[in-house]
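# A structural walkthrough
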Amino acid sequence: MAEERGHEHDHSHGHSHDHDHGEMSELSDMQVRVRSLETVLSEKGYVDPAALDAIVEAYETRIGPHNGQRVVARAWADPEFRAALIEDASAAVNTMGNVSPVGSHLIAVENTPERHNMVVCTLCSCYPWEVLGLPPTWYKSAPYRSRAVIEPRAVLSEFGVTLPEETEVRVWDSTAETRFIVIPMRPEGTDGWSEEDLAKLVTRNSMVGTGLALAPDEAE
Amino acid sequence: MSNTIHDMGGMHGFGPVEEEPNEPVFHTEWESRVYAMNRAMGPLRLWTIDEGRAAQEALHPSVYTAASYYQRWLLGLEARALQHGLVTREELAAGKALEQNDRPNRIFQAEDVARLTRGSYERAPQGDPKFKAGDRVRTVNFQPKGHTRLPRYARDKVGEVEAIRGCHVYPDSVANGEGDDPQWLYTVVFDGQVLWGPDNEPGVKVSIEAFEPYLEKA
């Protein structure tokens, strides 16, 4: 049976996974179904498997939160860049040669003692792929999508973030083709740090708004 | 469809938000292939991003909630490939092409990945924007049968225009096969207690990105 061959083939390469055996048959069904669609689309000339390999490789290596970390670190270190980023984040990021190109409508929103920003997409899972890579599962999950807009402080507390009552929480629901990156507050005790060292304090969650930047003694 | 399960903002009952430690980019190979197929098919311009969203929103709510993110992407892609006649059910069942077809001229290739960025959805405006930053606006109260990007929780609510974001492809038109119909896009911010009532968390503001037809002067 094709399913049997597909099953064996899938385990000979690709990622290992942590799923237990109870989920194996469902997993195998998905692998067969996806391979079937890819084979038909490829044989009919709509996709090139080598291009698919290249897209996967790009998102597993080049395009990830490390890009956003560099953007935030530069914004902290360079006031002119920070101003340019707030003015037009797509254009500002594209002046950084070491970050993969960014399309239209990236918007940078800055945390201050008065306002903490947090990003969600209640209707699907819009996320600034180009600077943060693909979203983690929690961002795409029903609990986050449903709760971030109605009880953001409760959600933040589950992420270990408790803000002073006087700090406004501003939730950005990504309902159009604009995309948001949060510029977290620069941690105390980092005066004179290089951009490279500052970048190590920037977590993915801090750029979505469900975390804060690390303190110097929290960084590895 | 608009008033279905995908419009989750404000719903109860889904439980806590759970982080997965050291989460990989893709959990399985098939997830990565589904994602890559969706990205590679985009530049063929056979459909729009909003048509893609609408295909997932058309899933039965029980299917939508039971499916993982990438399962929904697969179901949405299969549905569009079938609707557009790219593949047949027989071919998907057989796992191979059974019919001759006109092949697209230029498909997404490996070397295109270096320039992989999102396209722009900004279009030439059809007129001046009706609103400016600082204007008080009320969102419309509607229940469209087709695709929309105005969430239920933000309908018939008074907020303030914070910024104009340019003139963009209008999802409510393009997803329903009625063309780009570009509309001005605004960031509109609401007080959390206007959206959710006086007992809700204090000091919360929520903004949506709202197309001009969603807004009336308040």
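Counting starts from 1 at the beginning of each chain's written sequence and moves along it residue by residue. Chain labels run from A onward and ligand labels from 1 onward, assigned in the order the entries are written. Note on the predicted model: pLDDT of at least 70 is required for a residue's local features to be given, and 80 or more for side-chain atom pairs to be given and counted; whole-chain, interface and lining totals, by contrast, use all residues. As a rule here, side-chain values cover all heavy atoms of the structure and leave hydrogens and water aside.

## Structural notes on the interface of chain B and chain A
Between chain B and chain A, the residue contacts involve 90 residues of the former and 87 residues of the latter. Using a 1.4 Å probe, buried area is obtained as the accessible area two parts lose upon being combined, added over both of them. A combined buried area of about 8000 Å² lies between chain B and chain A, and 59% of that area is made up of carbon and sulfur atoms. Looking at the side of chain B facing chain A, the largest losses of area belong to V17(B), R33(B) and R118(B), adding up to 10% of the total buried there. What makes a salt bridge here is a side-chain nitrogen of Lys or Arg within 4 Å of a carboxyl oxygen of Asp or Glu, nothing more. Our count for the contact surface shared by chain B and chain A stands at nine salt bridges. Two residues, E168(A) and K205(B), come together in a salt bridge whose shortest N-O distance is 3.8 Å. Contact definition: two residues touch when any of their heavy atoms are within 4.5 Å.

## Remarks on the pairing of strand β3 (residues 183–191) of chain B
All names here are of chain B. Relative accessibility under 20% of the residue-type maximum defines a buried residue, over 50% an exposed one, and the middle range a partly exposed one, all with a 1.4 Å probe and only protein chains included. Each helix is a run of DSSP H or I of at least 4 residues and each strand a run of E of at least 2, with the numbering of both proceeding from the N terminus. Extensive coverage of β3 is indicated by the burial of eight of its nine residues. The sheet contact formed by strand β2 (residues 158–168) and β3 spans six bridges and is antiparallel. Each residue of the ladder has a partner; that of I164, found in β3, is Y186. Two strands pair if DSSP finds at least two bridges between them.

## Some remarks on the layout of surface pockets
Residues and elements named next belong to chain B. Taken as a whole, the largest pocket spans an internal volume of roughly 1200 Å³. Cavities and pockets are found on a 1 Å grid laid over the protein atoms alone: a cavity is a set of points where a 1.4 Å probe fits but cannot escape, a pocket is an open set with protein on both sides within 12 Å along at least five of seven lines, and a lining residue has an atom within 4 Å of such a point. Around the largest pocket, the lining comprises 40 residues; the ones closest to its centre are R39, G42, T48, I49 and Y121. Those elements that provide at least two residues to the lining of the largest pocket are α1 (29–41), α2 (49–57) and α4 (69–83). In terms of residue count, α2 provides more of the lining of the largest pocket than any other element does, six residues in total. Three classes are used, and their members are as follows: Ala, Val, Leu, Ile, Met, Phe, Trp, Tyr, Cys and Pro are nonpolar, Asp, Glu, Lys and Arg are charged, and the others, Gly among them, are polar. For the lining of the largest pocket, the per-class residue count stands at 16 nonpolar, ten polar and 14 charged. Grid points are joined across faces, edges and corners, and a volume is the space filled by probe spheres set on the points.

## Some remarks on the pairing of strand β3 (residues 168–173) of chain A
Residue and element names in this part refer to chain A. Most of β3 sits out of view: five of its six residues are buried. As paired strands, strand β2 (residues 115–120) and β3 are joined by six bridges and run parallel to one another. Among the inter-strand pairings, M118 is bridged to a residue of β3, identified as V171.

## Some thoughts on the side chain of D173(A)
Among the secondary structure elements, D173(A) is positioned in strand β3. R149(B) provides the closest opposite charge to the buried, salt-bridge-free D173(A), at an N-O distance of 6.6 Å. N or O atoms closer than or at 3.5 Å make up a polar contact, with two conditions inside protein: a donor-capable atom paired with an acceptor-capable one, and, for residues adjacent in sequence, both atoms drawn from side chains. There is a polar contact of 2.7 Å between the side chain of D173(A) and the side chain of T122(A). The contact partners of D173(A), leaving out residues within four places of it in the chain, are V120(A), C121(A), T122(A), V149(A), P151(B), Y153(B), S207(B), I208(B) and E209(B). In this tally Asp and Glu are treated as negative and Lys and Arg as positive; neither His nor the chain ends contributes.

## Focus on the sheet that holds strand β1 (residues 136–139) of chain B
The seven strands are arranged β2(A)-β3(A)-β4(B)-β3(B)-β2(B)-β1(B)-β5(B) in an open sheet whose pairing can be described as mixed. Whereas interior strands pair on both sides, the edge strands pair on one side only; in this sheet they are β2 of chain A together with β5 (215–217) of chain B. Averaged over all pairs of adjacent strands, the angle between strand axes in this sheet comes to 35°, irrespective of strand direction. A fitted line through C-alpha atoms represents every axis, and for helices the fit uses only the stretch in contact; the resulting angles, taken between N-to-C directions, go from 0 to 180 degrees.

## Remarks on the pattern of salt bridges
With the rule as written, the count across this model stands at 24 salt bridges over all chains. Linked by salt bridges that have partners in common, E177(A), R179(A), D50(B), R53(B) and R118(B) make up one network.

## So, the packing of helix α4 (residues 65–77) of chain A against helix α5 (residues 79–87) of chain A
Residues and elements named next belong to chain A. It is the contact of α4 with α5, at a shortest axis distance of 5 Å, that shows an interaxial angle of 120°. Taken together, α4 and α5 sit at an angle that is classed as oblique. Packed against α4, whose contacting residues are V71, R74, A75 and A77, the element α5 presents P79, F81, R82 and L85 at the interface. Residue composition of the contact of α4 with α5, grouped by class: six nonpolar, no polar and two charged. Should an angle lie under 35 degrees it is considered roughly parallel, over 145 roughly antiparallel, and from 65 to 115 roughly perpendicular; all remaining angles are considered oblique.

## Focus: the environment of T95(A)
Residue and element names in this part refer to chain A. With respect to the helices and strands, T95 occurs in the loop between α6 (89–94) and β1 (106–110). Given the relative accessible area of 59%, T95 is considered exposed. Sequence separation between T95 and F81 is 14 residues; the distance between their C-alpha atoms is 9.5 Å.

## Focus: the confidence of the model for chain B
One confidence number per residue, pLDDT, is output by the predictor and ranges from 0 to 100. When pLDDT is averaged along chain B, the result is 95; 100% of the residues meet or exceed 70. As a predicted assembly, this complex carries a pTM of 0.92 together with an ipTM value of 0.96.

## Some details on the packing of aromatic side chains
Ring geometry is summarised as follows: Phe, Tyr and Trp rings, the Trp one being its six-membered ring, pair when their centres sit within 6.5 Å, and such pairs are stacked at plane angles under 30 degrees, edge-to-face over 60 and tilted between the two. Applying the stated criterion across every chain yields a total of 22 aromatic pairs over all chains. The interplanar angle of 45° and the centroid separation of 6.1 Å between the aromatic rings of W129(A) and W73(B) together place this pair among those described as tilted. Of the two residues, W129(A) is situated in helix α7 (residues 129–132) and W73(B) in helix α4; the pairing between them involves two chains. Its relative accessible area of 15% is what places W129(A) among the buried residues.

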